[in-house]
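Structural description and commentary
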Amino acid sequence: MSFRFSDVASLKDGLCQVGYLSDEGIAGVVYLADRLQKPVLVEGPAGTGKTQLAKSVSEVLGTRLIRLQCYEGLDEAKALYEWNYKKQLLRIQSDGSDGHDWDGLSDDIFSDEFLLTRPLLEAISATDPVVLLIDEVDRVEVETEALLLEILSDYQVSIPELGTIEASQIPLVFLTSNNTRELSEALKRRCLYLHVDYPDLEREKEIVLTKVPEITENLADQVARVVRSIRQIELKKAPSVSETIDWARTLVLLGVDKIEEQTASDTLNILLKYQSDINKVAKELVTADGVSA
Amino acid sequence: MTAIGTPQGDGATQRVPLEFGDAILELLNGFIIELRAAGLPVSLTENLDALEAVKHVPIGDRESFKYALGATLVKHYNHWKAFETVFEVYFSLRGRQYAIGEDDEFGDLDDDELDEAQLGDQQGGGGAGENLSPEELAEMLFQSLLRGDAQMMKGVARQAVRRFAGMEPGRPVGGTYYLYRTLRNLDLDGVLERLLQQAQDTQGEFSDFDQRLWRDEYQQRIDQLQKEIEAEIRRRLVADRGVEAMAKTLRKPLPEDVDFMHASREEMASLRKAIYPLTRKLAARLQRKRRHGRRGPLDFRRTVRASLSYGGVPVEPKFRNPRPHKPEIFVVADISGSVAAFARFTLHLVYAISGQFSKVRSFVFIDGLDEVTSYFEGVEDINEAVHRVNTEADVVWVDGHSDYGHAFGVFWQKYGSDIGPRTSIMILGDARNNYHAAQSWIVKEMQDKARHVYWLNPEPRSYWDTGDSIVGEYSQHCDGTFEVRNLRQLEGFVENLA
């Protein structure tokens with residue numbers, strides 16, 4: 001069995017080169033996932049780069065990313081496989097005249113040719129080493145979660161008409177969750193767990209510098225500081241990393257080189273998406289004695 | 001780098017490398033037992049994964065080791081903190097740089113570093129840390145925070161603990177006591193003000209906005225220093241009393257097990273965070289229960305009609321559609337001082353899943369009583385509503401000390417006629433009545449009229465009916481009296497209710 005990554009440091013460098021700044025924890029868990037051949041469950045607030053992590057890892061590896069977007073009402077036919085019913089019908093009709101026996105026909109129409117693969121089966125049956133991303137897994141119902149269990153633990157799919165399809169290679173699997181509901185124990189047990197939080201000051205600054213190359217270091221530092229202060233206020237939706245980047249871009253476009261009170265409160269609507277949050281921050285940021293709780 | 005692999009005192013260091021795995025196995029087993037004792041659910045599979053995982057990380061690297069264990073053993077973000085504490089305690093003495101025996105050397109080393117870092121005018125002070133005057137230490141503290149120098153902060157934390165905590169071997173006092181003593185002597189609030197002043201002086205013009213940013217920056221550094229101090233105290237305690245004893249006393253309850261009545265401010269914050277996913281979980285579970293609810297009672301008429309097509313044999317029994325019972329809920333909550341937090345969480349939870357009830361009305365009281373239902377209507381942010389309840393509701397009648405008798409009197413007089421046979425009444429409070437008249441006949445009247453009356457008490461059962469608590473007198477008229485001290489118990493109760 002060959003492994004994808006030789007050590008944590010090189011993985012971290014690789015991620016950095018494709019523009020994803022990881023920290024020891026993130027790179028370490030991804031590395032372990034490869035070594036232990038286990039899926040990674042990535043949890044954390046929205047907009048902290050959970051999905052981006054999977055994309056970046058596939059980019060580092062230069063492999064295909066197969067993505068399953070979860071939503072309420074997702075079922076087997078959309079996630080695993082489906083029989084191509086129309087094609088099966090055509091097959092039966094075109095055969096009707098020459099007297100094939102039924103056994104042969106039924107064997108025939110339940111074969112690979114009539115199987116429509118959906119993301120999960122596709123990831124399992126792929127011959128190249130793919131990265132599978134199961135996005136926002138907390139959106140599916142608890143019952144649907146069970147669909148994933150066989151894949152995640154044994155890397156195989158059972159199709160009643162065909163038998164069990166085993167993976168020819170073990171895909172690297174990422175599951176992301178925004179933590180809107182508790183995932184089942186069974187699912188969690190099969191995964192490595194990674195909690196991605198908002199980055200600390202230094203990392204956020206680095207991220208801004210990487211993503212917005214035109215920005216000056218000084219401004220990036222200020223951006224990171226202001227965002228950190230805003231995150232300490234209790235809000236409906238704290239600014240995510242992507243919103244920080246948007247804000248930094250805006251400031252650069254506006255030709256700002258130092259964030260003043262006025263510029264900050266004028267451009268808050270880029271960082272925050274709720275009017276009540278905007279009002280709250282505008283009020284709290286300028287009152288100096290607003291001691292961080 | 002530190003070697004973590006060898007438990008102390010069992011001679012594991014002399015073993016041949018082949019048996020190194022055994023030592024790890026033993027060590028991890030102990031660690032996992034400790035985790036379970038702290039309340040983390042660690043399954044056997046996860047245990048095996050952890051064993052597998054540590055094979056793949058460099059054993060000398062403490063951080064990777066921690067992440068490897070964390071990724072395999074901790075599956076919930078709220079549990080991370082408990083994990084971290086156990087980890088720090090359990091592995092605290094197993095690294096060379098953490099060994100207390102060499103402390104003196106290291107202490108000197110720290111002092112040297114500190115001296116180097118000090119400003120020129122203090123060179124005379126030099127030597128071992130003990131010789132520093134309190135003023136010099138304070139200055140060092142100030143400088144370390146001003147520069148955000150992590151190494152220096154560590155040194156200061158060590159010095160401060162050695163000097164101010166007054167730790168004595170064998171003294172049965174918890175870590176928080178030492179922490180308090182150390183922090184009291186350091187006067188961190190004063191230092192914060194000084195730092196801000198300094199920043200203001202050097203920066204020149206200084207808007208409120210700038211001040212806010214700097215305050216956050218320094219506050220963060222101070223928090224970091226505080227963490228260093230805690231770590232230092234913990235290290236010394238472990239050295240004194242041994243790993244197992246300390247792991248027990250330092251065990252932090254998981255957020256869902258934190259007692260409402262005794263939660264610290266920090267724990268309150270984590271409780272607030274924990275309640276949101278909890279409500280989602282509860283709502284989803286209740287909905288599912290509804291959907292999969294069993295069929296209603298036999299519908300005789302339709303069964304007979306259907307039997308006609310089989311010649312009168314009732315082959316196909318028909319059932320009525322189920323009528324999910326959706327109770328009307330009245331929450332009557334004591335919001336006086338000590339039980340306020342408990343009332344808040346209950347209101348949170350009830351409103352978050354109010355879709356499961358046909359109607360929720362809430363009342364709060366201390367010695368007067370007021371309806372607060374409207375505060376929760378059309379509000380997106382429950383915290384805001386709770387804040388309004390605490391500030392605007394008219395709940396004080398005479399002196400603002402709980403008077404259940406009077407509050408119930410008002411409730412019965414004003415809202416008693418609204419209670420119907422579909423109403424469930426939840427009364428939240430510790431029934432500490434300050435020796436006022438109990439008026440328990442009102443609760444009896446309520447019980448006669450309503451479907452159910454439940455009493456939720458945030459006090460431990462053993463405290464009931466002691467002192468001025470008269471929960472026993474009320475509870476004889478209630479359909480159930482429950483001890484609800486933490487989120488887990490609250491969740492269980494609400495699930496049964498709906």
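Here's what I pulled together on the structure shown here. Computed from a predicted model, the values in this text were never measured in an experiment.

In terms of helices and strands, chain B carries 20 helices and 6 strands. For chain B, the residues scored as buried account for 34% of the 498 residues in total.

Here we come to the overall build of chain A. Tallying secondary structure elements over chain A gives 15 helices and 9 strands in all. For chain A, buried positions account for 35% of its 293 residues. Considering only intrachain contacts with a sequence separation of at least 6, the fraction spanning at least 24 residues in chain A is 75%.

The subject of this paragraph is the sheet that holds strand β8 (residues 172–177) of chain A. Residue and element names in this part refer to chain A. Pairing is parallel across the open sheet formed by 5 strands, whose spatial order is β2-β5-β8-β1-β9. Both edges of this open sheet fall to β2 (65–69) and β9 (192–195), since each of them pairs with a single strand only. Taken pair by pair, the neighbouring strands of this sheet meet at an average axis angle of 20°, ignoring direction. Alignment of strand β1 (residues 40–43) against β8, held across 4 bridges, turns out to be parallel. Within β8, the position partnered with E43 by the bridge is S177. Its contacts with the sheet put helix α2 (residues 24–36) on β1, β8 and β9, and the angle it makes with β9 is roughly 165°.

Attention now goes to the environment of K236 of chain A. Residues and elements named next belong to chain A. Relative to the assigned elements, K236 resides in the loop between α11 (217–232) and α12 (241–253). When the 13 C-beta atoms within 10 Å are taken as the criterion, K236 is described as partly exposed. Separated by 40 residues in the primary sequence, K236 and S276 place their C-alpha atoms 8.5 Å from one another.

Our focus in this paragraph is the packing of α11 of chain A against α12 of chain A. Residues and elements named next belong to chain A. Interaxial distance between α11 and α12 falls to 11 Å at its minimum, and their mutual angle equals 135°. Regarding the angle of α11 to α12, the classification is oblique. The interaxial crossing formed by α11 with α12 has right-handed handedness. Here L219, A220, V223 and V227 of α11 lie close against α12, whose contacting residues are T244, W247, A248 and L251. The residue inventory of the contact of α11 with α12, partitioned by class, reads 7 nonpolar, 1 polar and no charged.

Residues and elements named next belong to chain A. With 13 residues, α12 ought to run about 18 Å at 1.5 Å a step, and its terminal C-alpha atoms sit 19 Å apart, in line with that. The elements touched by buried residues of α12 are α10 (201–211), α11 and α14 (268–271). Just downstream of α12, G255 is the residue with a positive phi angle, here 75°.

With that settled, the discussion passes to the interface of chain B and chain A. With 31 residues of chain B at the contact, the number on the chain A side is 33 residues. Elements represented by at least two residues in the side of chain B that touches chain A include exactly α2 (44–55), α3 (62–73), α10 (208–241) and α12 (265–291) of chain B. Here the side of chain B that touches chain A takes 8 residues from α10 of chain B, the largest share from any one element. Across the side of chain B that touches chain A, the residue classes tally to 11 nonpolar, 8 polar and 12 charged.

All names here are of chain B. Its place among the elements puts E392 in helix α16 (residues 382–392). The class for E392 is exposed, based on 11 C-beta atoms found within 10 Å. For E392 and Y375, which are 17 residues apart along the polypeptide, the C-alpha to C-alpha distance reads 9.6 Å.

Take unusual backbone geometry next. Only a minority of non-glycine residues have a phi that is not negative, and only a minority of peptide bonds are not trans. The backbone phi angle of Q37 of chain A is positive, close to 55°, even though this residue is not glycine. Within the secondary structure, Q37 of chain A is located in the loop between α2 and β1. Look at Y435 of chain B: it is not a glycine, yet its phi comes out positive at around 60°. With 10 C-beta atoms packed within 10 Å, Y435 of chain B lands in the exposed category.

On to the nonpolar core. V29, V40, L192, L194 and V223 of chain A are the most contacted members of the largest nonpolar core, which has 121 residues in total. Top element by residues in this core is α10 of chain B. It accounts for 9 residues. Counting residues in each nonpolar core, the second largest holds 58 residues, with A333, F342, F408 and V453 of chain B among its members.

About the criteria used
Residues numbered from 1 in each chain as written. Chains lettered and ligands numbered in written order. Predicted model: local features only at pLDDT ≥ 70, side-chain atom pairs only at ≥ 80, totals over all residues. Helix = DSSP H or I, 4+ residues; strand = E, 2+ residues; numbered from the N terminus. Buried ≥ 20, exposed ≤ 12 C-beta atoms within 10 Å, placed from the backbone. Contact = placed C-beta atoms within 7 Å. Pairing = 2+ DSSP bridges. Axes fitted to C-alpha atoms, helices over the stretch in contact; angles between N-to-C directions. Parallel < 35°, antiparallel > 145°, perpendicular 65-115°, else oblique. Left-handed = near helix turned anticlockwise from the far one by under 90°. Nonpolar A, V, L, I, M, F, W, Y, C, P; charged D, E, K, R; others polar. Expected span 1.5 Å × (residues − 1). Core = buried A, V, L, I, M, F, W, Y, C linked by C-beta atoms within 7 Å.

Everything listed is a geometric property; what it means functionally is a separate question.
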